[in-house]
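# Remarks on the overall topology
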Amino acid sequence: MSAPAVPGAGERLMLIDAFKAVASQLIVLHHLAFYGPMSDWTHRIAPELVAWFSQDARMAVQVFLVIAGFLAARSLAPDGVLRPAPAPGRLLWQRYVRVALPYLAALGVAMVCTELARLWMAHDSLPAPPDLWQVLTHALLVHTLLDVDSLSAGVWYVAIDFQLYALLIGLLWLTRRGSGLWAKALVGTVVVASLFHFNRDADWDSWALYFFGAYGLGVLTQWSTRSADVWRHTGRWVMAALVGLTLLALAIDFRERIALALAVSVVLAWAQRQGWLFTWPRSRVVAYLGRISYSVFLLNFPVALVVNALFTRYGSADSLVQTGGVLLAWLACNLAGAAFHHAVEQPLSRLGRAPR
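Let us look at the structure shown here.

Each value, and the rule that gives it
- Residues numbered from 1 in each chain as written.
- Predicted model: local features only at pLDDT ≥ 70, side-chain atom pairs only at ≥ 80, totals over all residues.
- Heavy atoms only, no water.
- Phe/Tyr/Trp six-rings, centres within 6.5 Å; stacked < 30°, edge-to-face > 60°.
- Lys NZ or Arg CZ within 6 Å of the ring centre and 35° of its normal.
- Salt bridge = Lys/Arg side-chain N within 4 Å of Asp/Glu carboxyl O.
- Helix = DSSP H or I, 4+ residues; strand = E, 2+ residues; numbered from the N terminus.
- Buried < 20%, exposed > 50% of the residue type's maximum accessible area, 1.4 Å probe, protein only.
- Axes fitted to C-alpha atoms, helices over the stretch in contact; angles between N-to-C directions.
- Parallel < 35°, antiparallel > 145°, perpendicular 65-115°, else oblique.
- Left-handed = near helix turned anticlockwise from the far one by under 90°.
- Core = buried A, V, L, I, M, F, W, Y, C linked by side-chain atoms within 4.5 Å.
- Contact = heavy atoms within 4.5 Å.
- Patch = residues over 30% accessible without salt bridge, like charges linked within 9 Å, V, L, I, M, F, W, Y side chains within 5 Å.
- Areas by Shrake-Rupley, 256 points an atom, 1.4 Å probe, with all protein chains shown as cover.
- Nonpolar A, V, L, I, M, F, W, Y, C, P; charged D, E, K, R; others polar.
- Polar contact = N/O pair within 3.5 Å; in protein donor to acceptor, adjacent residues only side chain to side chain.

Applying the stated rule across the entire model yields 14 aromatic pairs. Among the aromatic residues, those joined into a cluster by ring pairs are Phe64, Trp156, Tyr157, Tyr210, Phe211 and Phe297. Note that Arg95 overlies the ring of Tyr165, its terminal NZ or CZ placed 4.5 Å from the centroid. Between Arg176 and the ring centre of Trp173, over which it is positioned, the NZ or CZ distance is 3.9 Å.

This next bit is on the pattern of salt bridges. Counting across every chain of the model gives 3 salt bridges. A salt bridge links Arg95 to Asp161; the nearest nitrogen and oxygen atoms lie 2.8 Å apart. A residue pair is termed long-range when its members are at least 10 positions apart, and Arg95 in helix α5 (residues 88-118) and Asp161 in helix α7 (residues 156-174) qualify at 66 residues. Its relative accessible area of 22% is what places Arg95 among the partly exposed residues. Here Glu115 and Arg118 are joined by a salt bridge, their closest N and O atoms 2.9 Å apart. Of this pair, Glu115 and Arg118 both sit in helix α5, separated by 3 residues, roughly a single helical turn. Residue classification places Glu115 among the partly exposed residues on the basis of a relative accessible area of 34%.

This paragraph deals with the packing of helix α13 (residues 293-314) against helix α14 (residues 319-350). At a minimum axis distance of 7 Å, the contact between α13 and α14 shows a crossing angle of 140°. As summarised for this structure, α13 and α14 are arranged oblique, according to the angle between their axes. The handedness of the crossing between α13 and α14 is right-handed.

So, about the nonpolar core. If you look at the biggest cluster of nonpolar residues, it comprises 90 residues, and the most contacted ones within it are Val187, Tyr215, Trp223, Leu268 and Leu277. Apart from residues lying up to four places away in sequence, Leu268 is in contact with Leu15, Ile16, Phe19, Val66, Phe70, Thr221 and Leu277. In terms of nonpolar packing, the next biggest core, distinct from the first, is built from 7 residues, Met121, Phe301, Leu305 and Ala309 among them.

Attention shifts here to the environment of Ala100. Tracing the chain through its elements places Ala100 in helix α5. With 86 residues separating them in the primary sequence, Ala100 and Leu186 have C-alpha atoms 28 Å apart. Beyond its immediate sequence surroundings of up to four residues, Ala100 is in contact with Arg95 and Leu141.

In this section: a nonpolar patch on the surface. There is a patch of nonpolar side chains on the surface, built from Trp133, Leu136, Leu140, Leu145, Leu146 and Trp207 and spanning about 600 Å² of accessible area. Tracing the backbone through its elements, the reader meets Leu146 in the loop between α6 (132-139) and α7.

Another point: the packing of helix α1 (residues 14-34) against α13. Angle between the axes and distance between the axes are the two parameters that describe a pair of packed helices. Relative to each other, α1 and α13 sit at 10°, their axes nearing to 10 Å. Considering their axes alone, α1 and α13 lie roughly parallel with respect to each other. Of α13, the residues touching α1 (which contributes Lys20, Ser24, Gln25, Ile27, Val28, His31 and Leu32) are Ser293, Val296, Phe297, Asn300 and Ala304. Counted by class, the contact of α1 with α13 contains 6 nonpolar, 5 polar and 1 charged residues.

Time to look at the environment of Asp205. In this fold, Asp205 is placed in the loop between α8 (180-196) and α9 (208-225). Excluding residues within four positions of it along the chain, Asp205 makes contact with Ile160, Tyr210 and Phe211.

Mapping Thr114 onto the fold places it in helix α5. Take Thr114: its relative accessible area is 4%, and that puts it in the buried class. Separated by 2.8 Å, the side chain of Thr114 and the backbone oxygen of Ala110 make a polar contact.

As far as function goes, none of this settles anything; it's purely spatial.
Structural data, given as structure tokens:
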């Protein structure tokens, strides 16, 4: 028997495309501001702007976390009950293939780019030459758990995303014989534990429980707003409780990243209830940037390293010239991401799609 269709599953989620487009560009600009010598020159021209991108723009990761939870709930259990699907191990394998194969290909590109950049500059943003253990732990997505040096900036997120997906599947599997209320209660409990405890302790930042507060906000938002009936009977109260508990957690220990995650979840809730989740913004450019956001995320650091190295070796020691290099690197990251999306990510990701 085929799995029940998810309402709107065949449509583009335009608002989510927009969120991903903006968040991915902020991550690119964060890496350009934080790594490489070109940003030091740009800092002389616009110190406050570079400082903001260097320190604060990385919070855009919270947008990805909320969206990831929202989409995972929509595909795995749109009504709170695990859909008829392969066993949890099979689901995880499909997820690994879809997410990790493009990621592993990007790591290969990153290692080549790093060695290329090393020919033209010496800088502390260049990762050390990898060893077999590093490559193996990255391939298994356990490098963050084992505190192994990263082969590329930002790849910790791929490992965390896989952990979060696995944790959600585990929670859904535990409540598979009950109603959706059991799943919502269990997920809500883990969200509260994350917001009030795990997310306040940096020692947990290599584990899914640290990030499940933001991820679970996305999950519960999808469940609470998925239909008019759900919203009328229980959804509005679940969202009110979710907002209230998150605000209480922020009152106890204010964290800008959690405040941003809450804001994104509220916008998603409002958009889904009002119907413009699928209709706004109508922009082909924004939609395209959203579609290629994962590839841009994976490729931006190694591409930026090469451009930094080229401008360090051949560019003049001038703030305007080096700032031009930053802008060129930003463009190159998006072009490389677009090429990688079509040539690598899409073909590899199809291997992990469950047969209909």
